[in-house]
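Chain by chain, the residues run as shown.
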Amino acid sequence: MIPLSYSFRNLWIRRMTTLLTAGGMALVVFVFSAVLMLANGLEKTLVSTGSDQNAIILRKGSDSEVQSMITRDQVNILKSQPEISTGPDGKALVTGEVLVLINLPKRATNRPSNVELRGVLPESIPLRSQVKLIKGRFWQPGSSEIIVGTSVAKRFQGIGLGESIHVAMRDWTVVGLFESGGAAFESEIWIDAEQLMQAFKRTIFSSVTLQLKNPNDFSSLKTRLEADPRLTVTAEREKEYYTKQSKVLAMFIRILGIFVTVIFSLGATIGAMITMYASVSNRTVEIGTLRALGFRRRHILTAFLMESLFLSLVGGGAGLFFASFLQTLTVSTTNFATFSEIAFSFSLSPSIFLASFLFTLMMGFAGGVLPAVQAARRNIVQALRST
Amino acid sequence: MALFRLILKNTFRQKLRAFLTIAGIAIAILGFSFLRTVISGWYGGVEASSQNRLITRNAISLAFPLPLAYKGVLQGIPGVTGVSYGDWFGGVYIDEKNFFPQFAIDAPTYFDLYPEFKVPPEQMQAFLRERNAAIVGVKLATRYGWKIGDTVRLRGTFFPSDWDFVIRGIYKGAEPTTDETQFFFHWQYVEERERQNDSPMAGHVGWYVLRVSNPELAGPVSQAIDQRFKNSLAATLTESEKAFQMGFVSMTESILIALKIVSFLIIGVILVVLSNTMAMTVRERLKEFSVLKAMGFRPRHLMTLIAGESLLIALLGGGLGIAVTAPAVAVFAKKLENFFPLLRVETATYLACLLTAVGVAFGAAIFPIWRAITLKIADGLRRIG
């Protein structure tokens, strides 16, 4: 067996070439992991918005809250279901909510984008255990006061604590900021549902969210509600609903990202191949000597393959290292499912880490295997004779 | 002349390496031009918009409707020569994967404002006669194999229940930028059902589209309209069609920025691959360069030799990449039709590829040239490979 240090030292001797090849691979792994982190971050944000205990009820045929309508009568029927759990104060944990999209100019670009304005009832807050007020206070019922998610407050104009926006012929003052542990609610503005309905001349709720006493009751509740002739609704587990909301955008990011990385990785693999072929041809005499000393063909093959794998690991490690810093970034874009802006972060997961590593090794292997075979097949006598 | 022959011989001395480098560059150039094409496809709607059209929508957001009653007022604003309106339908054809834009439009006026949608007159007549008729783009019709007379069922999301439409016309685009994947039908058809259901959407439209006699009137007319409805229940926002379409683009800005960054990273990858090759080439030939120097070749000769080789490889790779771009885009354009109805390679993209190849060639040659020029003859001759 040829010692590993032989392969390793060879890379060190030609530092410039090693650096360039590994740099190319680092770029590829950087982009590869960045794309996966982005799609993962989006899914994490939306999935964490839903809770296993909650169910959301929409009008039949609606794919999202924005399209859904539920009348007051229907809300009252839904409120009387026996599966609904009660909060510490004895109130049933069920809420009718109204969702509307409004345009607000962004702080950075001054250009308008869509934001979700959610009209909520007092019950909405105990229902969403992840929502926490971090500054200011809740609105007074009956007033034109709003509380906003921290990421909306950061991105849009006139929506910081104490500021106000003019929508539907009224000025709405921000009296509180809330967080929701990274969930999509942070990209929303919350308002008293009754006030919102008055201002926007709406008589209809968008959805009803309820908390189940026992999550296992969901399927029986769903069957009963969907069969009820007074209601034309579909019930979904909240978590499943939000997972669906992330599907189109996450798929789009992945498809585009994978297409780009495939092209990138071909380039980088070719780069590795060039390096390894040059390395083999520079060391023809050395290979001959090693063979003459008694090393077998498979030892030569392993040594060169190891060299290529080392090379890719250096590159991949660097790429992943730099990509992990992306986690501090937050991006925002329009979610195709709801047409509203949503903010999310790059998020690294063990499976992305593993995928990037395997991808790296694959590039190293693909780039090194042909040159290594060429090296191993050299004839001893000819190799020693060459200059 | 002799130098040129030397460049040619040198380039293909290591055939495998030259071939691999050329292939690497070609792939990267293909990736670069593809991303550039996607980016320009993103702006497709902006490109296709007319100077003479304005869009009036609810100031709160596009998701809020405007009363049908505004139509009369809009027609009376000086400078406005045509008014039509539409509504986003958002139905589902078979399942969610089959996405295409569907619009409920005011049939008698809409196509008058959009002359770029070419419908044969007899098909237009048939469309106008029937309440549940539809006109579809030629690309859309081809995608689903629809013919005139076919019935298409859409499941409404904003407008519940199933809707059946009979295709009575197929339009072609007058310009290469015209979107041929849209689905139009009578707004009145939807309106009737909404009234029956006592829906709050009845008597409302999604947006108005206006024609002004002169593009210069766009500003004053927009202001006049928004001023007129400022203190009403539904305040309006009027902007040129171009600005309206830009609004959609800027909502997805971060994806666009990511694509732009990636397209520059690709240039980085080409630079790395080519630099690697050139660095190796020069290192292997340091002895030869010393001999050339000893024979009296000047630094500029060495410079020409190295830069020429780099340029030759980059141009071959770039040329190959450019040559396969159009067929590759054609394949992907079919796959991505849902997202980008207009995906085609622009001349500017080809030009950018060419400039990139040349730029990369010189960028990759700088360090090796410097090394060859500063090399001391004695050191080079003493050197062992």
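For the structure itself, look to the data block above.
So, how was this worked out
- Once a new chain begins, its residue numbering starts again from 1 and follows that chain's sequence as written.
- Ligands are numbered from 1 and chains lettered from A, in the order in which they are written.
- Residue-level local features of this predicted model are given only where pLDDT is at least 70; pairs of side-chain atoms are given and counted only at 80 or more, and the full residue set underlies all totals for whole chains, interfaces and linings.
- With hydrogens and water set aside, each side-chain value is computed from the structure's full complement of heavy atoms.
- Each helix is a run of DSSP H or I of at least 4 residues and each strand a run of E of at least 2, with the numbering of both proceeding from the N terminus.
- For this analysis, residues touch if any pair of their heavy atoms sits within 4.5 Å.
- In short, buried area is how much 1.4 Å probe accessible area vanishes from two parts on joining, totalled over both.
- Polar contacts, as counted here, are pairs of nitrogen or oxygen atoms within 3.5 Å of one another; within protein the pair requires one atom able to donate a hydrogen and one able to accept it, and residues that are adjacent in sequence qualify only if both atoms are side-chain atoms.
- Any two of the Phe, Tyr and Trp rings considered here, Trp counted by its six-membered ring, make a pair once their centres fall within 6.5 Å; the pair's planes then place it as stacked at under 30 degrees, edge-to-face at over 60, or tilted in between.
- We call a residue buried when its accessible area falls under 20% of the maximum for its residue type, exposed when it is over 50%, and partly exposed in between, using a 1.4 Å probe and counting protein chains only.
- The criterion is that NZ of a Lys, or CZ of an Arg, lies within 6 Å of the ring centre and within 35 degrees of the ring normal, and then a charge sits over that ring.
- Paired strands, as defined in this entry, are two strands with at least two bridges between them according to DSSP.

**Points about the environment of B:Ser40**
Positionally, B:Ser40 belongs in helix α2 (residues 15–42). Once residues within four sequence positions are removed from consideration, B:Ser40 is found in contact with B:Arg344 and B:Glu346.

**What to know about the interface of chain A and chain B**
Tallying the contact residues gives 52 residues for chain A and 55 residues for chain B. Between chain A and chain B the total buried area reaches about 4,700 Å² when both faces are included, carbon and sulfur atoms providing 74% of it. Here chain A is connected to chain B by 10 residue pairs in polar contact (both at pLDDT 80 or more). Those elements that place two or more of their residues in the side of chain A that touches chain B are α2 (15–49), β2 (94–105), β3 (112–120), α8 (238–282) and β11 (330–335) of chain A.

**A closer look at the packing of aromatic side chains**
Two aromatic rings are characterised by how far apart their centres lie and by the angle between their planes. The final tally for this structure, using the stated rule, is 48 aromatic pairs over all chains. Residues A:Phe32 and A:Phe359 carry aromatic rings whose centres are separated by 4.2 Å and whose planes lie at 10° to one another, so their mutual orientation is stacked. Residue A:Phe32 is located in helix α2, and its partner A:Phe359 is located in helix α11 (residues 350–376); the two are separated by 327 residues in the primary sequence. Accessibility expressed as a relative area gives 13% for A:Phe32, which makes it buried. Since its relative accessible area comes to 12%, A:Phe359 is described here as buried. Where A:Phe353 meets A:Phe357, the ring centres are 5.6 Å apart and the plane angle is 15°; that geometry is what we call stacked. On the criterion of helical spacing, the pair formed by A:Phe353 and A:Phe357 is a turn pair, its members being four residues apart in helix α11. Linked through ring pairs, B:Trp88, B:Phe99, B:Phe103, B:Tyr110, B:Phe111, B:Tyr114, B:Phe117, B:Phe127, B:Tyr171, B:Phe184 and B:Trp207 together constitute an aromatic cluster. Between B:Arg193 and the ring centre of B:Trp163, over which it is positioned, the NZ or CZ distance is 4.0 Å.

**Remarks on the pairing of strand β8 (residues 151–155) of chain B**
Residue and element names in this part refer to chain B. Alternating positions in β8 separate cleanly, Val152 and Leu154 being buried on one face and Thr151, Arg153 and Arg155 remaining unburied on the opposite face. Where strand β4 (residues 92–93) meets β8, two bridges bridge the pair, whose relative direction is antiparallel. Among the inter-strand pairings, Tyr93 is bridged to a residue of β8, identified as Leu154. Taken together, the five bridges between β8 and strand β9 (residues 162–173) define a ladder with antiparallel strand orientation. Residue pairing in the sheet places Leu154 in a bridge with Trp163 of β9. The loop that links β8 with its antiparallel partner β9 comprises six residues; one of these, Ser161, has a positive phi angle of about 80°.

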